[in-house]
Amino acid sequence: MDDNSKYRDLFFEETDEYLQTLNECLLELEKDPENSSVLDEIFRAAHTLKGMAATMGYTTMTKLTHKMESVLELYRNGKNLITSDIISLVFKCLDRLSEIVDDIREEKYDQINIDDLTEELSVVLEDRKSDTKANNKGESQKTKISATEINETDKMIINNSAGKGYNAFDIAVTLEDYCLLKGARAYLILNKLEQNGEVIHTDPAIEELEDGNFENSFSLIYITKEKVKDVEEMLVDISEIKSVSINHIILDESLAKETIVDAKEKTVDAKETSVDAKETSVDTKENKTKKIALDTKNNKSNKNNDVKSNNHHVSQTIRVDINRLDNFMNLVSELVIYRTRLENIAGKINNNELNEPLEQVARITSDLQDLVLKIRMEPVNVVFNRFPRMIRDLSKQLDKDIELVIEGEETELDRTVVSELGEPLIHLIRNAADHGVETKEERLAKGKPEKGIVKLTAYQEGNRVIIIVSDDGKGMSPDIIRESAIRKGIDISGLDEKELVKLIFHQGFSTVKEVTDVSGRGVGMDVVKQKINSLGGTIEVESEIDKGTSFIIKLPLTLSIIQSLMVSIGKHTFAVPLGIIDKVVRVEKEEILKSHSNEIYMYRNKAVPVIRVNEKLAIEATEEEKHIILIQLGDKHYGLLVDKLMGQQEIVIKKLTGILSKMKEYLGATILGNGEIILILDASNLCYERKVDKIG
Amino acid sequence: MSKRVLIVDDAIFMRMKLKDILEKNGFEVVAEAQNGQEAVEKYKAEKPDLVTMDITMPEMDGVSALKEIKKIKEDAKVVMCSAMGQQAMVMEAIQAGAVDFIVKPFESERVIQSLNKAIR
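Residues numbered from 1 in each chain as written. Chains lettered and ligands numbered in written order. Predicted model: local features only at pLDDT ≥ 70, side-chain atom pairs only at ≥ 80, totals over all residues. Heavy atoms only, no water.

Let's talk about the confidence of the model for chain A
Operational definition: In predicted models, pLDDT denotes the confidence assigned by the predictor to each residue on a 0 to 100 scale. Contacts are residue-level and defined by heavy atoms, with any inter-residue pair within 4.5 Å sufficient.
Taken as a whole, chain A shows an average pLDDT of 75; of its residues, 80% reach a score of 70 or greater. Considering only residues more than four positions removed or in separate chains, one finds that residues 132-148 of chain A, a stretch of pLDDT under 50, has 17 contacts.

As structure tokens, then:
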């Protein structure tokens, strides 16, 4: 086990990916059980998982994947269509696998029982085996790949060329056991074939073939004008070939047409997404480039998909530890400090020879900074991709017909934001499915289509990303909310309908009468709101009865760069994140009132506790102007008392490390253009600390 | 009539070994060359039916020699001789028109099989 420990991280990362692929493919297969290329992908992923688990010595996982693979194998030859029961069973297996993987991750090995599942899988295996035996008596197995395994693109090529007098052959080649340099041998064979035609598909993929990564045999699809006999002749001339089998491929015409239509639909889809991406563009130059980057990214990912389906594994990305990126970022920031110092020195010397290269350095460092920020971006897809499965399960559980529509999944956000986004989104989507979308009967009675729609949309707007979770369900009734609020003793006097709806973000508020399995435990929307706020974002709700509800989340593109208000306290300058600031007011001494132990400020007729930041930080304040920064935490306001306002600025956050990281008063530090280091105040901490003080 | 072969290899030992194998199996070795340059000259002079070409040689390597020979006679039959681990070179040679390749250490049977196929 020790030997494998260094692969653990990679193992988990890859396993997660494969499980995700399995989930996605399985969903697709459920919609289209005849899609054999998806089934193949599922099979391959399961197979790879098994191999990985076995290599790591995780026996339970190996056992389960093995059984699963065997069951999938049954459906792979295309003779038996996969049933929804089997798909559900495989889903169950996947869930169990995730459990096992989590278990292993926490270093509790093999504690999960899989007997029930292996039992179920065995039953399927037994049943099927006897079935197929009965059906296939006397039928011999043909070549290794059958026409059903040919993927869509290849089918299209085959069909197109068939009309022009080309033949397609499915060729399986077995090399002699003693064959050396198998890769070169395969290359020789392909090369020879390509002299008179075209090899459009190989199994394994061409790179694997050329690297010699295969057992003694491989198969390929070959398009040529030659006849079977001629092809045979070409291959016979090559030495070290043990056997060759050549099959003429003839595809069903009707199938071919379908394929083409499918492909067309796909391109239309792609266009739509790019249009979406464009709609989000804003005029600033930065955004334009972003848009282009997005578009190319789209293309790239499309290409990737194509490549994937063709079985070529061209790696265009590498994995990087996020800590290294943080490190990179820090180093770049440090570079900026020294650049600034150099610039100051150069300014004093005033040497032209020095100034010119310095300007270059300045440009490069800021490019570097931009670059590292971009590297940290991740498409929201990373969180979105788990939702189709969730909706599937929810619709079964709730017996509703729900379709999840995802738009703009390629929109990018800072990695940290993306990874924190999962939880609140799960909550919102659950709510939409549970409370939003009505039951089938209700929908029909209202004259709505039986199928409800939950929509997840993401797009970039300026330097914010907007994510909208909406449903076409019953919407939120202000009356019910009003009733519920009164019952819970929440003061609703003077609230209009819009404000009433906002009450759902209020702590302890839930409109569902009974707690369901899915959601509605009374905690929830306020937690969602807090989470979004802590990410520097905001959440709003729009609802219309019987039309549906939309939650609009606005998030900053990145957590590393924030807009902040620069303030001075005494001789020091501090930064306050703009996101949490509600309002800034100038106060006269007399406006700060004393309650028995605290100071308060009257804001909108409410008493707001005042925190003297200088006292908190034990620094001397000046006696001149005073300003109160009003911040909103949850639904309470606090006022931070500072001296002067210096202006608004975009700053890059640098985390404090070592002993400094224990300083709860600060979020981090930033380096200004002149090389000056400024601390960023953690406003929420300053206010909460105060609460503790009061109790103590 | 027996087929006329040109053996190209920088090691005398390898040439002897190959010559031995070929002659026992009814080939006629009409010339030997110890580098690519020599191989091209001998090819021009002898016009053999077949060439066995080592890949790594001084002066001119086997792949370049192959290309030169192909310029002289487009359908010249050249079988590359390679050691393990020269896959990239072999592929380049195939690209350049080598009919086959054999991998060292040589085994008579395989060499003969390959040459027979190459010559057909």
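Picking up where we left off.
Here we look at the sheet that holds strand E11 (residues 548-556) of chain A
Remark on secondary structure: sheet strands pair via backbone hydrogen bonds, oriented parallel or antiparallel. All names here are of chain A. What counts here: Paired strands, as defined in this entry, are two strands with at least two bridges between them according to DSSP. Only DSSP runs of H or I reaching four residues or more are called helices, and only runs of E reaching two or more are called strands; each is numbered from the N terminus. Only C-alpha atoms enter the line fits that serve as axes; for helices the fit covers just the stretch in contact. Angles between N-to-C directions range over 0 to 180 degrees.
Read across the open sheet, the five strands follow the order E6-E8-E9-E11-E10; overall the sheet is mixed. Whereas interior strands pair on both sides, the edge strands pair on one side only; in this sheet they are strand E6 (402-407) and strand E10 (538-544). Between one strand and the next, the sheet's axes are offset by a mean angle of 15°, whatever the strand orientation. Along the sheet, helix H16 (residues 415-436) makes contact with E6, strand E8 (452-461), strand E9 (464-471), E10 and E11, crossing E9 at roughly 20°. This element, helix H20 (residues 525-534), spans E10 and E11 of the sheet and lies at about 140° to E10.

A look at the sheet that holds strand E20 (residues 644-652) of chain A
All names here are of chain A. The strand order across the open sheet formed by five strands is E20-E12-E13-E22-E21, and the pairing between neighbours is mixed. Every interior strand has two partners, whereas the edge strands, E20 and strand E21 (666-671), have only one. Here the average twist between neighbouring strands, direction ignored, is 35°. Direction of pairing for strand E12 (residues 561-569) relative to strand E13 (residues 572-577): antiparallel, over a ladder of six bridges. Following the sheet pairing, Leu-565 is matched in E13 by Val-576.

Examining a negative patch on the surface
Using the following cut-off: Residues forming no salt bridge and having over 30% relative accessible area are the ones grouped into patches, like charges within 9 Å of each other and nonpolar side chains (Val, Leu, Ile, Met, Phe, Trp, Tyr) within 5 Å. The method behind every accessible area is Shrake-Rupley, applied with a 1.4 Å probe, and residues are considered shielded solely by the protein chains displayed. Salt bridge, as applied in this entry: a Lys or Arg side-chain nitrogen positioned within 4 Å of an Asp or Glu carboxyl oxygen. By the counting rule applied here, Lys and Arg register as positive and Asp and Glu as negative, while His and the ends of each chain are not counted. All charge positions are set by atom: Lys at NZ, Arg at CZ, Asp at CG, Glu at CD.
Judged by side-chain charge, Glu24(A), Glu28(A), Asp32(A), Glu34(A) and Glu409(A) come together as a negatively charged surface patch. Secondary-structure assignment places Glu409(A) in the loop between E6 and strand E7 (412-414).

Regarding the interface of chain B and chain A
Test applied: Put simply, buried area is how much 1.4 Å-probe accessible surface two parts lose in total, over both of them, once they are put together. Under the rule applied, a polar contact is a pair of N or O atoms within 3.5 Å (in protein, one hydrogen donor and one hydrogen acceptor; residues adjacent in sequence only if both atoms are side-chain atoms). Classes in brief: Ala, Val, Leu, Ile, Met, Phe, Trp, Tyr, Cys and Pro nonpolar; Asp, Glu, Lys and Arg charged; the others, Gly included, polar.
Taken together, the contact pairs 19 residues of chain B with 17 residues of chain A. For the chain B and chain A pair, buried surface summed over both sides reaches about 1800 Å², with 55% attributable to carbon and sulfur atoms. At the junction of chain B with chain A, the criterion picks out one salt bridge. Taking the shortest distance from any N to any O, the salt bridge between Arg185(A) and Asp100(B) comes out at 2.5 Å. There are eight residue pairs in polar contact (both at pLDDT 80 or more) connecting chain B and chain A. Mapped by element, the contributors of at least two residues to the side of chain B that touches chain A are helix H4 (87-96), strand E5 (100-103) and helix H5 (108-119) of chain B. For the side of chain B that touches chain A, the leading source of residues is H4(B), giving five residues. Here the side of chain B that touches chain A is built from residues that sort into nine nonpolar, six polar and four charged.

Quick notes on the packing of helix H4 (residues 84-105) of chain A against helix H15 (residues 387-398) of chain A
Residue and element names in this part refer to chain A. Stated formally: By the definition adopted for this analysis, an angle is roughly parallel if under 35 degrees, roughly antiparallel if over 145, roughly perpendicular if from 65 to 115, and oblique otherwise. A clockwise turn of the near helix away from the far one marks a right-handed crossing, whereas an anticlockwise turn of less than a right angle marks a left-handed crossing.
It is the contact of H4 with H15, at a shortest axis distance of 13 Å, that shows an interaxial angle of 120°. Put simply, H4 runs oblique to H15. Where H4 crosses over H15, the handedness of that crossing is left-handed. Here H4 contributes Ser-88, Phe-91 and Asp-95 to the contact with H15, which in turn contributes Arg-389, Arg-392 and Lys-396. Looking at the contact of H4 with H15, its residues break down into one nonpolar, one polar and four charged.

Brief notes about a nonpolar patch on the surface
All names here are of chain A. We count it as follows: For each residue, the accessible area found with a 1.4 Å probe, counting protein chains only, is set against the maximum for its type, and the residue is called buried under 20%, exposed over 50%, and partly exposed in between.
There is a patch of nonpolar side chains on the surface, built from Leu-342, Ile-345, Ile-349 and Leu-354 and spanning about 350 Å² of accessible area. With three residues, helix H12 (residues 322-349) is the single largest residue contributor to the nonpolar patch. Among the secondary structure elements, Leu-342 is positioned in helix H12. Look at Leu-342 and you get partly exposed, because its relative accessible area is 46%.

Some thoughts on the packing of aromatic side chains
Using the following cut-off: A pair of Phe, Tyr and Trp rings is counted when the ring centres sit within 6.5 Å of each other, with Trp represented by its six-membered ring. The angle between the planes then sorts it: under 30 degrees is stacked, over 60 is edge-to-face, the rest tilted. For a Lys NZ or an Arg CZ to count as sitting over a ring, it must be within 6 Å of the ring centre and within 35 degrees of the ring normal.
The full count for this structure, using the stated rule, is three aromatic pairs over all chains. Each ring, one from Phe214(A) and one from Phe218(A), has its centre 5.3 Å from the other, and the planes form 80°; the classification is edge-to-face. Arranged with centres 6.3 Å apart and planes meeting at 50°, the rings of Phe384(A) and Phe387(A) form a pair that is tilted. Residues Phe384(A) and Phe387(A) agree in their burial class; the two are buried. Above the face of the Phe214(A) ring, Lys182(A) is positioned so that its terminal group lies 5.5 Å from the ring centre. Seen from the ring of Phe101(B), Arg185(A) lies directly overhead, with NZ or CZ sitting 4.0 Å from the centre.

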